[in-house]
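Listed below are the residues making up each chain.
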Amino acid sequence: MLLKDKRAIVTGASRGIGRAIALEYARQGANVVIGHPGNDTSKEEAASLITEIEALGRLAVEQGGDISDPDTGEALAQKAVDSFGGIDIFVSNAGICPFHAFLDMPRETYLRTINTNLNGAYFATLAAARRMADQGCGGTIIAVSSISALVGGGNQTHYTPTKAGLLSLMNSCAIALAPYGIRCNALLPGTIATDINKDDLSDEKKRQRMIERIPLGRLGRPEDLAGPAVFLASKMAQYVTGASLLVDGGAFVNLQ
Ligand code: NAP
């Protein structure tokens, strides 16, 4: 029970990495606000996650809203305050990666990606941080960045800058929020098999090529991010801020 009675918000928790983190937070004793886009499917996914969390004896509530709307972060923060009395942990996880070549990048795809992954994360982080600062008892913020913050991708020219931006946001927030006892860190997943890259990895040759480049010999699973997210949110990481943690099976260092 590393997070006993902590009050957490996880954005993009209806599926994939966010869902795995929310579930592990509950296993570790936290109560969780499940952020999701607010459509019919994500509402159903959030409802099923709430059932799973309640079966663990913890509390969970859902809050729908497009994270690219700058007001969504405030709604998430308010939900945590109304439901649990405050916020101790904020995980900025919601994101999209609509793979596309550079030279014919539709303006809409670029702007949607930036508005969701970076601008949305910025305003949601700000809303959570303001509440934590007012509470006066510290807190912890984790951004789900990516290995793509450190490396390029020919079909990800709109995506990699958002992930580098998130990493940079955590670096600066670590300094800005340290006086309030709020720690800020980034998780950098490698290739984790989720819906975000299902189409890209449906090419069996590409999938095998990716696996061969990973020293641990397999693609990541959403649960692989859960332990690191618990660690960074817990007291075990009490002197860790402004850090970035690659969770990639060794892919990044496997160059030579
Ligand atoms: P995923 O399974 O597609 O999950 C993404 C989550 O974000 C879903 O819950 C999704 O909700 C939500 N979301 C998307 N757009 C949103 C919006 N506008 N407003 C609110 N919620 C929104 O993908 P994932 O792999 O778990 O990705 C989670 C995070 O990890 C992303 O930030 C991604 O960039 C990062 N990441 C993933 C990998 C990887 O290999 N999978 C690697 C590095 C970093 P709906 O499903 O209902 O749309």
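Residues numbered from 1 in each chain as written. Predicted model: local features only at pLDDT ≥ 70, side-chain atom pairs only at ≥ 80, totals over all residues. Heavy atoms only, no water.

**Student:** Help me understand the sheet that holds strand E6 (residues 182-189) in this model?
**Tutor:** Note on sheets: strands pair through backbone hydrogen bonds, and any given pair is parallel or antiparallel. Pairing in this open sheet of 7 strands is parallel, and the strands run E3-E2-E1-E4-E5-E6-E7 from one edge to the other. One side of each edge strand has no neighbouring strand; the edge strands of this open sheet are strand E3 (60-64) and strand E7 (244-247). Pairwise comparison of adjacent strand axes, ignoring direction, gives a mean angle of 20 degrees for this sheet. Here strand E5 (residues 139-144) runs beside E6; their pairing, made up of 6 bridges, is parallel. Of the residues in E6, the one forming a bridge with alanine 143 is alanine 186. (Pairing = 2+ DSSP bridges. Helix = DSSP H or I, 4+ residues; strand = E, 2+ residues; numbered from the N terminus. Axes fitted to C-alpha atoms, helices over the stretch in contact; angles between N-to-C directions.)

**Student:** Before we go on, may I ask you to explain the site of the ligand in this structure?
**Tutor:** As a matter of local geometry, the ligand sits amid 28 residues, with Arg15, Asp66, Asn93, Tyr159 and Thr194 nearest to it. The contact in question runs from an oxygen atom of the ligand to an N or O atom on the backbone of isoleucine 17, over 2.8 Å. Between the ligand and the protein, one listed contact pairs an oxygen atom with a side-chain N or O atom of tyrosine 159 at 2.5 Å. When isolated, the ligand has an accessible area of 890 Å², and the protein chains bury 91% of it. Residues that form the shell around the ligand fall into these classes: 10 nonpolar, 14 polar and 4 charged. (Near = heavy atom within 4 Å. Polar contact = N/O pair within 3.5 Å; in protein donor to acceptor, adjacent residues only side chain to side chain. Areas by Shrake-Rupley, 256 points an atom, 1.4 Å probe, with all protein chains shown as cover. Nonpolar A, V, L, I, M, F, W, Y, C, P; charged D, E, K, R; others polar.)

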